[in-house]
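If you want the building blocks of each chain, they are given just below.
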Amino acid sequence: MNLECKVISTSEIGIHTHFIGEIMDVKADESVLTENGLPDMLKIKPLIYAPDVRLYYGIGKYLEQAHSVGKKI
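Cut-offs applied
- Residues numbered from 1 in each chain as written.
- Predicted model: local features only at pLDDT ≥ 70, side-chain atom pairs only at ≥ 80, totals over all residues.
- Heavy atoms only, no water.
- Helix = DSSP H or I, 4+ residues; strand = E, 2+ residues; numbered from the N terminus.
- Rg over C-alpha atoms; globule rule 2.2 N^0.38 Å.
- Buried < 20%, exposed > 50% of the residue type's maximum accessible area, 1.4 Å probe, protein only.
- Contact = heavy atoms within 4.5 Å.
- Areas by Shrake-Rupley, 256 points an atom, 1.4 Å probe, with all protein chains shown as cover.
- pLDDT = per-residue confidence, 0-100.
- Pairing = 2+ DSSP bridges.
- Salt bridge = Lys/Arg side-chain N within 4 Å of Asp/Glu carboxyl O.

1. Observations regarding the overall build of the protein
Along the backbone of the protein there are one helix and four strands. If you list the helices and strands of the protein from N to C, you get β-β-α-β-β. Taking 73 residues into account, the globule formula puts the C-alpha radius of gyration at 11 Å, and the protein, at 16 Å, lies well above it. When its C-alpha atoms are laid out on the principal axes, the protein stretches across 40 × 35 × 25 Å. Evaluated residue by residue, the protein yields a buried proportion of 5% over its 73 residues. A separation threshold of at least 6 residues defines the contact pool for the protein, and within that pool the share at least 24 residues apart is 12%. Element-wise, carbon and sulfur atoms account for 59% of the exposed surface of the protein, whose accessible area totals about 6900 Å².

2. Some points on the confidence of the model for the protein
Per-residue confidence for the protein gives a mean pLDDT of 89; residues scoring 70 or more make up 95%. Within the protein, no element has a lower average pLDDT than helix 1 (residues 41–44), which sits at 89, and none a higher one than strand 1 (residues 2–13), at 96.

3. Brief notes about the pairing of strand 2 (residues 16–27)
Bridge count for strand 1 against strand 2 is 11 bridges, and the pairing is antiparallel. What sits directly across from L3, in strand 2, is V26. Hairpin remark: strand 1 followed by strand 2, antiparallel, with two residues in the connecting loop; positive phi at G14, about 65°.

4. Details of the pattern of salt bridges
Scanning the model with the defined rule gives one salt bridge in all. Among the salt bridges present, the one from K27 reaches D25, with a minimum N-O distance of 2.4 Å.

Written as structure tokens, this is what we have:
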């Protein structure tokens, strides 16, 4: 899956640059889509980068439907 973005603004944060962008186009191989054409997180297996420790993490298991998990607290 690929997101094509246009940079809207940047800001310097210490030695890092924070980019704010607008998604202009989305491309995804059919093998990572659900039956109704939406991206399947378990098939895409996106990465999260932790710059402070220079490590990559994967997305974990499904937890709850949005806006419903807090109702159980």
